[in-house]
Structure formats: structure tokens, C-alpha cells
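# Notes for the structure review
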Number of protein chains: 2
Amino acid sequence: MTQIARRRLLQGAALIPAAGAFVPAAQAACVNPIPAKFDETYDVVVIGSGFAGLTAALAAHEAGAKTAVFEKMAFIGGNSSLSGGMLAVPGSSVQKAQGIKDSPEALEADMERIGLGLGDPAHIRFVCEKASETFEWTKKAIGVEWNENLTGKGGHSASRCMITKQGTGQGIIVPAVAKLKAAGVPIRTGCFMEAVLRDADGRVKGVRIREGYVFGKPGSGKAKTVCARRAVILACGGFGADVRYRKALDPKLGEAFLTTNQPGATADAWREASRIGARIIQADWIQCLPSCSPLEQGMGIATHFASISGSLFGFWLSTLSSSRFVNEFGDRKLCTDAILTVINKGGEALAFSDDDGVKHLETLRPGLFAKMLAAGTVEKFADADALAKAYRMDPAKLRAAIAEYNDNLAKKSDPKFGRRFDKAAKPIGSGPYYVSRMSPKVHHCMGGVATAVNTSVLDVMTDEPIPGLFAAGEFVGGIHGAVRIGACAVMDCLVNGREAGMEAAKSTAWI
Amino acid sequence: MTQIARRRLLQGAALIPAAGAFVPAAQAACVNPIPAKFDETYDVVVIGSGFAGLTAALAAHEAGAKTAVFEKMAFIGGNSSLSGGMLAVPGSSVQKAQGIKDSPEALEADMERIGLGLGDPAHIRFVCEKASETFEWTKKAIGVEWNENLTGKGGHSASRCMITKQGTGQGIIVPAVAKLKAAGVPIRTGCFMEAVLRDADGRVKGVRIREGYVFGKPGSGKAKTVCARRAVILACGGFGADVRYRKALDPKLGEAFLTTNQPGATADAWREASRIGARIIQADWIQCLPSCSPLEQGMGIATHFASISGSLFGFWLSTLSSSRFVNEFGDRKLCTDAILTVINKGGEALAFSDDDGVKHLETLRPGLFAKMLAAGTVEKFADADALAKAYRMDPAKLRAAIAEYNDNLAKKSDPKFGRRFDKAAKPIGSGPYYVSRMSPKVHHCMGGVATAVNTSVLDVMTDEPIPGLFAAGEFVGGIHGAVRIGACAVMDCLVNGREAGMEAAKSTAWI
């Protein structure tokens, strides 16, 4: 028996005396042939080029490791290239300068509450405690410029979120890519990781890639083996665009539902990680953005009508009951499930406002409304009768729903659903009215591989780290729990990407 | 490229054209050494001796297969030996004889609704449609005797549940074991399955067991290889008693919470199935029985005080607010989460009634009340002041909560939580009062290995069946979804156990 096997056996016996979890050493890993000679050799091999992958590569390079990034798509950035780039930092220097009280503990409490206690407390603590230090590092080491106007999005108990000056996630990707290029760290696009090379001794020693891979053409490109002397970091993102994989986890999210993700958000690396013995947890928690239009690809823009005009200055309407059906300010899970229920019963969920809601939309997001009207994602109706007719609603009930909303607004009280009301909101008039259809889009995978707090990937047989394998970002499960709060994914990617890079760089080389 | 690999590749390409899911044949399975000579040989090897395993063995034997059952514990039955033995059969002959309208479609709708749409519709349809035929089979082929007094438990839209005449799950296990013994099918206790032997061609060809295994002594017993000429059936049950495995999936369910399960309900086979490439889904959905006493092992008896005296004829109380906190007739998930929230905030959740509730308990479950009082799992208090003092509640608020309940009962309306009221319920008097502390116990794993409708286990790389491997019972995921309805687990075990046995028996032999 090897030392590792003996240690595992003893630990297993100590922790779960009654579990009978005897693991013979030869079975602990799924063995892959390790080539006598690799085609390429690095200290640290990073798979994926989103926030987590780029950050990991920078941190590994900073720590002196010879590093390379492999990306299956033809472009750099993965889903991060579509991100709004909003980062939560509890207890930041920016908050202190502005006199805003906050702390890592306050965000920990928010994440545990919103995540319904499914997120691991130790992982949550780690990202919250490291957020401030990592934020400073993004400025110094990457050169990210942050807009210091703080906001608090749904679920945050303090104003602690910042967006890049550039205005999207590109404000992180562009400087990170520039730094890596300047440092001579290659970012190899069109390179699909088809195998993690895990040896009979349980250690990961490299990967097999397909160079010149064309997404959507299975088997394209040329197979090459890449040695990772110290470690492989999986920063492979979520599977939101992979209908087959996600439907097995949540049958509600079939072909009928679109995604905000880029097409490369597939489950290949999830399957491969499982195959070589990584443990995947909570993968059935798949977050949707509730208020997107089914008529647009990606995230689209009609969602801004729903979240500004139709929420702050209007309400949401089920065509089945001709009335409201949910707290428009509920978390994404609550709103998504409520809208899916309306749609699955054959109805439509509409965001609704009058001209006043449109006026505020124009102020906050200038120029978008005309595009929505032109595209037909927002429709205009002269009055309640016209709207009711178009969506087969009962006009009397629709008028009653509007009257009830106005009554609630006057009292600032919503007995049925408990929504809040904006200070600037006015009563809904007699028309014209505007509506957008809402259909949840698959957005973020909360589950993923199980990791130790230091980002080591855990073995499904033992729950102990797999030597030579780390992971970070959306590919990792158990941090956000049941519901991810906005701006916390970027925090997770940056903190854990950096941690994975540092840990990988200091792993003992196997060759 | 093998034919299987080519078929998989083509299917993959057709189903997910953009997924890039190229799977080289040599990687599709985690390879195990297949011995040149096995120690024992059967057509069908069944792992686990609960409802699903015994039923599978009977069906395989009926179909002409040489069959054996291996059970790691020293006793037969697993968790099924603790089951209440209640079976749901929609549209049964018993319902027809009693003029009760019901249908498989009605139970399908119940399961999809209560399961929050997470159960796979095709799997749900299969168990509901096959329930009636399987029920008749249990009488003819096994000799189970059913009490034909029909009941409808929480979540069921019709009276469709039956209990064995014997009164528990033993009413199924005892005759099934007798039939298997008479047929010469061995049920080998003390035999731990330590490996599934999956060959390089992707097929499962047998298992390695440890004969003479003593539960809690890892590595005990003698290793033996067992050939499965046609198939292996995994009927290994849930992991409710495995704190380490379940805590990674739901950190709330740590050491502090007890389980209703037998100690052998560990995750060994879950880990092994993952290792050889089975896909596990929805494992984080772990059902608890909400109203158990923390002072008892297993399911205990105080739960009957909570569900009869404290629900039908009383109510549940949070010591934090000195008032009600949930619909006492909500589903298990709703009640569990509400009670966990009270406990995690430092309070206690109490089931509460007066003498009238105790009187009904005595009628429905004679003799239990005295045992509860003697064990201290139910406590008696002279009046509201005494109860409030013992649990640090506000006596005025407690009296107000009682008055509010009485008021609701008179109006048969519960505006806050929407509970129902029993016809025979009387207003709560001025004392004495009785309470039991409630602490959810881990009860049932809704997740498990992903299977095709014919019970084939699916490969995590391809979502295609793993040749030679079937599964049934609690070990399988994706049938009950988010919340399992009572009496549906027994239905699932019997229907899918039988299906697995029939499918395994007709699999082509590999040797």
C-alpha cells in the first residue's frame, strides 16, 4: 500500500468510522496513458481564458511559473467577454473613502442567506475576506481601472459593487491579456482540451489538447500532449449553452429556453473532470435571468425595459390571471420559477408600464427604447382594452390590476407579494401602455467541481485533493449555493483564479 | 474506431451539433483489470437487498437468469427494513372496486408539481403507468398482502396509498426473501462491493466484493471477483447516514443532524459509480423528515405527536417569536427549511397541543403517548406561563398565538400560512399543554445515478447507456425531483427494481 493510500485510509477511518470507505490505491484514479515524451512542457497549464483563467495565469506567472493558457474557442474571454464586469468588494478602500460601512462578514451573511445555506461557509468566507486585497491587486498587477460609483444590487446589504471604467468585463480582459502578452505567457485559442492526463499514482501530469480545433467540429485539430510540471488549472466555465447536459439536471431548461451564454459554454470539461475522478456538486442549480425577451439572442436589451420600466415604474403581469403574479424585486430564482410556471401553463409573463416608465428608461439607458420598439421586443397599446385583446386577457381584470397597483403605490404597501416602490414612481394612467414578453434565459451554473478552499480539485472517491489539479470560476461548485448574488461571480473568479495560480505555481514539480 | 464510438460520435453530433463532444473510444470508460478467471459467475449480479434489489433479483430469476444478491450489511433489507411499507398505486384495481377515480396521469401531475419540475417527465410517466401492473405482480409473484384501506398522504390528489397487512416494509421483504430462497437465489450478506469491473470496451463485466466484510471495518473480508455474464444491477440505496458525503452537497446537513436511515446508508457505491463513469444528478436534493425529535435515534415515535396532536389538533411554535411560523401541512421541504431556520437562529421549533390532541393521538396510535412522556420527548406544562418560562418565550405572545389559532379554527381560515383544519379539531383550552421539540432528520436522497427509462445507467461522457449496468431505487436520481411525495419511493423501488431485473436478464451475455 502506498503512503497516500494509507493516509487516505486512516483519514477516512477517522472521519467516517462507519462508512467502510476503503479505497485500494490502484483504483483511486482513472488512469490515462502518460506519454514518454510530451509535445510541450510548462509549469502551469491553464484551461480557459475567462476572468478566472486569465487571473490564474497572471498569478502563476508572477510566482515564477512558466505558464500557458489554452482556450477552445477562436476568441479570448469565454462568458466573461459578455460580462457586465461588476465586482462586489466588501470593506473596500473605496467604501472607506466614501464613509460606507461594510465588512466581509456582511457579504458572507448575504451570500449564505440568498444561497439558502447551500454554499460552503468556508469557501464563502475565503472569497469575501480576499476580495479587498484582490481588488487592489487588479489595479496594480493587471491595471484594471474601476469606476468608484458604488452600487448595491439585489441581495447586497451594502453599496459595495463597482463596474470597470470601460463599462463591461472587457475592462478586465483587455488589460489582463496585454499583461500576459507582455510577459510572454501564451494564450492559445482554438485549442480544445480533450483529456486530463491523470496517472496511475493519482497525480495529474498534463493534458491532451487538439490544436487548430474548430468549435462545432468534433475531432477537428491535431492532438498534442502538454506536460504540466506543477499543475493544471481548470477554469473552463459553465455549461449554460449545453442543452443536453443541463436538461438532464433540470428538465425544465430544455431546448425551448435560450441562454445569455456564448455558444462555447458547453459541458465537455465537466464530463472529462468527472471521468478522471473529480467530484461534481450542486450542478442542478442553474441560474436564469428571468426578464429577458424570447425574441432576442444572448442577454438582449428588452430586459432593461422589464427591470426599469416594468419593475421600478410598473409591474409584471400574467396573461392567465390578467394580474400580478410575483414580487418584481424577488431574487432571480423566485422570479424565474414564477415566470416559468406562467409559461408552462400556457400563459405569457409581461413586463408592463406606461409613458412614465419609458421616460425613466430613457434617462437611465438612453437610446435603447427606440431599438426595442423597432425590434418588436416592446409593444405599444393604446389602452387596457387593446392590450387585453392582444394577449387574450380579461379587460376588466386588467383594469382592476392597474387600480390595485395604484392603490398599493399610494400606500407603499403590497400585501400580496411584498414588493417595494420607487420614490419617483407615479400611478399608472389610462394609456398608452407598453409591454415586453419575459422568458428566463440560462445564465450561470452555481454547481461545479468540489474544491478545497485552496482551489484543489477533490477526488470523488476520497474527498481529498487530486494532486496537480486546481480549478476556479464558474467551473467550481458550492460557493454561491442555491442563488448567486449579482457581482459575486466576478469576485469569485478573480479571488479564486488568483489563488489557483499561486497554489499551482508552488506545487512540487513531478518531473 | 469501434462501432460504439462511431455511433456515439454521430449521435453526439446530431443531438448537440455545437458541443464539440468528441469522445475517443479509449477514454469512454475508467478501465479496470478484468480477471482471466472469476471466482464466481452469474448472469445477473444485484448489489443491495432493499425493495429495489430484491424485486430486481426476483424479476431476473423469473426471466430465467442465474442471479445472486450481495448485501454489505449483516442483515437483509437496507433502509427498506425501516420503511412504513406504504405504496402509491394510481388507478389500481382496489380504487376501481371502491369507486375512487384516479389515473397515472393524476399522480404524474402531483409528482411534477411537488417535485418542482426537477423530476424527468419520462421517468415519472413510466413509474406511474407501471404501478398498477407491478402492484398486481407483488401479490402474485411475491405474495405480498395489502391492506385495502386507501389513504392519500400529503401531496397526493387522490386516495391511492396502501400499506402492507403486516403494517411495515417487512410485509414486502419477508415474502420476497422467502421466494428468493425457495428459488435458490442466494442473498449474500456481509459482502461489500468494492469495485465495479468496467472493461476497456466500456462494458461492465462484473464486480469485486469483499466476502465476510464487517461494516465499519474498512478492508475487512476477503476480495473475490464475481462475473456478471449479462449485467450488474446497482440497488445500493441512499447516503443519508454518510455525513461527509452529504455535507459537501448540503452544508446545512452536518454532524448536528441525525438521520432516519440505517447506518449502512453510506456513499461508497455512489463514489464507485462516479469513478467508473456513471453520471450522478441532483444529489444535493436530500429530503428530511421535519418533525422528528432530536432526543430519539432513527425515525422515533415523537414525530407522531407532532403530526397528529401538534398538527391536526394543535400547531407548531417558534420559541423565537412565541408564535406559529409555517403551514403545519406544507410539504416536507417547506417544513424542514422553516424548522432549520428557527434552529439555526438559536431557537427551538415545538409541536404543541392540549389534552384533546393527546386524546386523538391515543385513538390513532394507541400506547405511544405514555412512552413519549416517559422518554421526555413530549413534555407537559400546566399552563402558558409554565411553558413560556421553560422555553424562554414571552407568555403574553404565547397566549396571543393560542387565541389567534382558536380564532382561525373558528373561521376555518389561516391568513398567514394557509393551513387546513381538521373537522374534529376543538379550540385549545387553558392547559395543560404538551410540546415536542422538532429537529429535521435526513431521510431520503432524491438524486442519484442518471438512468435511461429502462434503468440503464448513463455514461457521464456521453449520456448513453453503460453496457451491462442497470440501477434502481433510491440510488437513482431524477425521478422525484426536488421533493418526494410519501409512498412514491416504494412505488419507484418496486416498478424500477422489476424493470431492472427484466432488462438485465435479457441483456446479451458477454462471455
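Note that the coordinates shown come from a computational prediction; the quantities given were computed from them, not determined experimentally. (Residues numbered from 1 in each chain as written. Chains lettered and ligands numbered in written order. Predicted model: local features only at pLDDT ≥ 70, side-chain atom pairs only at ≥ 80, totals over all residues. Heavy atoms only, no water.)

### Some words on the nonpolar core
Of all hydrophobic cores here, the largest spans 206 residues; its most connected members are Met111(A), Met491(A), Met111(B) and Met491(B). The residues touching Met111(B), leaving out its near neighbours within four places in the chain, are Ile124(B), Val127(B), Cys128(B), Ile479(B), His480(B), Ile485(B), Cys488(B) and Met491(B). (Core = buried A, V, L, I, M, F, W, Y, C linked by side-chain atoms within 4.5 Å. Buried < 20%, exposed > 50% of the residue type's maximum accessible area, 1.4 Å probe, protein only. Contact = heavy atoms within 4.5 Å.)

### With respect to empty space enclosed by the protein
Taken as a whole and judged by the stated rule, the model has ten cavities of 30 Å³ or more. Lining the largest cavity are 22 residues, and of these Ser274(A), Ile280(A), Ser274(B), Ile280(B) and Ile281(B) lie nearest its centre. Listing elements by their share of the lining of the largest cavity, those giving two or more residues are α7 (243-249) and β10 (280-281) of chain A together with α7 (243-249) and β10 (280-281) of chain B. (1 Å grid on protein atoms, 1.4 Å probe; cavity = no way out; pocket = protein on both sides within 12 Å on 5 of 7 lines; lining within 4 Å. Points joined across faces, edges and corners; volume = space filled by probe spheres on them. Helix = DSSP H or I, 4+ residues; strand = E, 2+ residues; numbered from the N terminus.)

### Quick word on unusual backbone geometry
Leaving glycine aside, a negative phi is the common case for residues, and trans is the common case for peptide bonds. Residues and elements named next belong to chain A. Of note, the amide linkage connecting Gly431 to Pro432 takes the cis form, showing an omega dihedral of -5°. Looking at the element boundaries, Pro432 is found in the loop between α14 (395-411) and β15 (433-438). One non-glycine residue, Leu116, lies in the positive phi region at around 55°. Looking at the element boundaries, Leu116 is found in the loop between α4 (104-114) and α5 (121-142). Of the residues examined, Leu116 reaches a relative accessible area of 47% and is grouped as partly exposed.

### Brief notes about the domain arrangement of chain A
Residue and element names in this part refer to chain A. Under the domain assignment used here, chain A contains domain 1 (27-88 + 165-241 + 446-505) and domain 2 (291-439). Computed from C-alpha atoms alone, the centre-to-centre distance between domain 1 and domain 2 is 40 Å. Each partner contributes to the interface: domain 1 provides four residues, whereas domain 2 provides four residues. Together domain 1 and domain 2 conceal approximately 260 Å² of surface at their shared face, both sides included; 56% is due to carbon and sulfur atoms. One can count zero residue pairs in polar contact (both at pLDDT 80 or more) joining domain 1 with domain 2. (Domains from an automatic or database assignment. Buried area = accessible area lost by both parts, 1.4 Å probe. Polar contact = N/O pair within 3.5 Å; in protein donor to acceptor, adjacent residues only side chain to side chain.)

### Notes on the sheet that holds strand β4 (residues 146-151) of chain B
All names here are of chain B. Strand order in the open sheet formed by three strands is β3-β5-β4, and the pairing between neighbours is antiparallel. Two strands bound the open sheet, and with one partner strand each, they are β3 (86-88) and β4. Taken pair by pair, the neighbouring strands of this sheet meet at an average axis angle of 30°, ignoring direction. One ladder, built from three bridges, connects β4 with strand β5 (residues 161-164); its direction is antiparallel. Directly across from Asn147, in β5, lies its bridge partner Ile163. (Pairing = 2+ DSSP bridges. Axes fitted to C-alpha atoms, helices over the stretch in contact; angles between N-to-C directions.)

### Notes on the packing of aromatic side chains
Summed over the entire model, instances satisfying the criterion amount to 29 aromatic pairs over all chains. Seen in terms of ring centroids, Phe381(A) and Tyr391(A) are 6.3 Å apart; in terms of plane orientation they differ by 75°. Their pairing is edge-to-face. Taken together, the positions of Phe381(A) in strand β14 (residues 378-381) and Tyr391(A) in the loop between α13 (384-390) and α14 put the pair ten residues apart, joining distant regions of the chain. The same class applies to Phe381(A) and to Tyr391(A), which are both buried. What links up through ring pairs into an aromatic cluster is the set Phe315(A), Phe352(A), Tyr405(A), Phe421(A) and Tyr433(A). A cation over a ring is seen here: Lys66(A) above Tyr42(A), with NZ or CZ 5.1 Å from the ring centre. If you follow Arg279(A) out to its NZ or CZ, it ends over the ring of Tyr245(B), 3.7 Å from the centre. (Phe/Tyr/Trp six-rings, centres within 6.5 Å; stacked < 30°, edge-to-face > 60°. Lys NZ or Arg CZ within 6 Å of the ring centre and 35° of its normal.)

### Considerations on the environment of Asp356(B)
Looking at where Asp356(B) falls in the secondary structure, it is placed in helix α11 (residues 355-364). Aside from chain neighbours lying at most four places away, what touches Asp356(B) is Phe313(B), Ala424(B) and Lys426(B).

### Some points on the state of the cysteines
For the structure on display, the rule yields zero disulfides over all chains. Looking at the unpaired Cys191(A), the closest cysteine sulfur is the one in Cys236(A), lying at 13 Å. (Disulfide = S-S within 2.5 Å.)

### Some points on the sheet that holds strand β15 (residues 433-438) of chain B
Residue and element names in this part refer to chain B. Reading across the sheet, the four strands line up as β12-β13-β15-β14 and stay open at both edges, with antiparallel pairing between neighbours. In this open sheet, the two strands that pair with only one neighbour each are β12 (315-318) and β14 (378-381). On average, each strand axis in the sheet is inclined to that of its neighbour by 35°, with strand direction left out of account. Pairing of β14 with β15, which is carried by four bridges, proceeds in the antiparallel orientation. Within β15, the position partnered with Phe381 by the bridge is Tyr433. Sitting on the sheet, helix α9 (residues 302-312) is in contact with β12, β13 (349-354), β14 and β15, with an inclination near 60° to β13. Sitting on the sheet, helix α14 (residues 395-411) touches β12, β13 and β15, and the angle it makes with β12 is about 155°.

### Things to note about the pattern of salt bridges
In this structure the tally under the stated criterion is 73 salt bridges over all chains. The shortest N-O distance in the salt bridge between Glu136(A) and Lys139(A) comes to 3.3 Å. Here Lys139(A) and Glu136(A) lie together in helix α5, a separation of three residues that amounts to about one turn. Note on Glu136(A): relative accessible area 23%, which makes it partly exposed. In this structure, Arg275(B) engages Glu272(B) in a salt bridge whose closest nitrogen and oxygen atoms are separated by 2.8 Å. Here Arg275(B) and its partner Glu272(B) are both found in helix α8 (residues 268-275), three residues apart, which amounts to about one turn of the helix. In this structure Arg275(B) comes out as buried when scored by relative accessible area, which is 2%. (Salt bridge = Lys/Arg side-chain N within 4 Å of Asp/Glu carboxyl O.)

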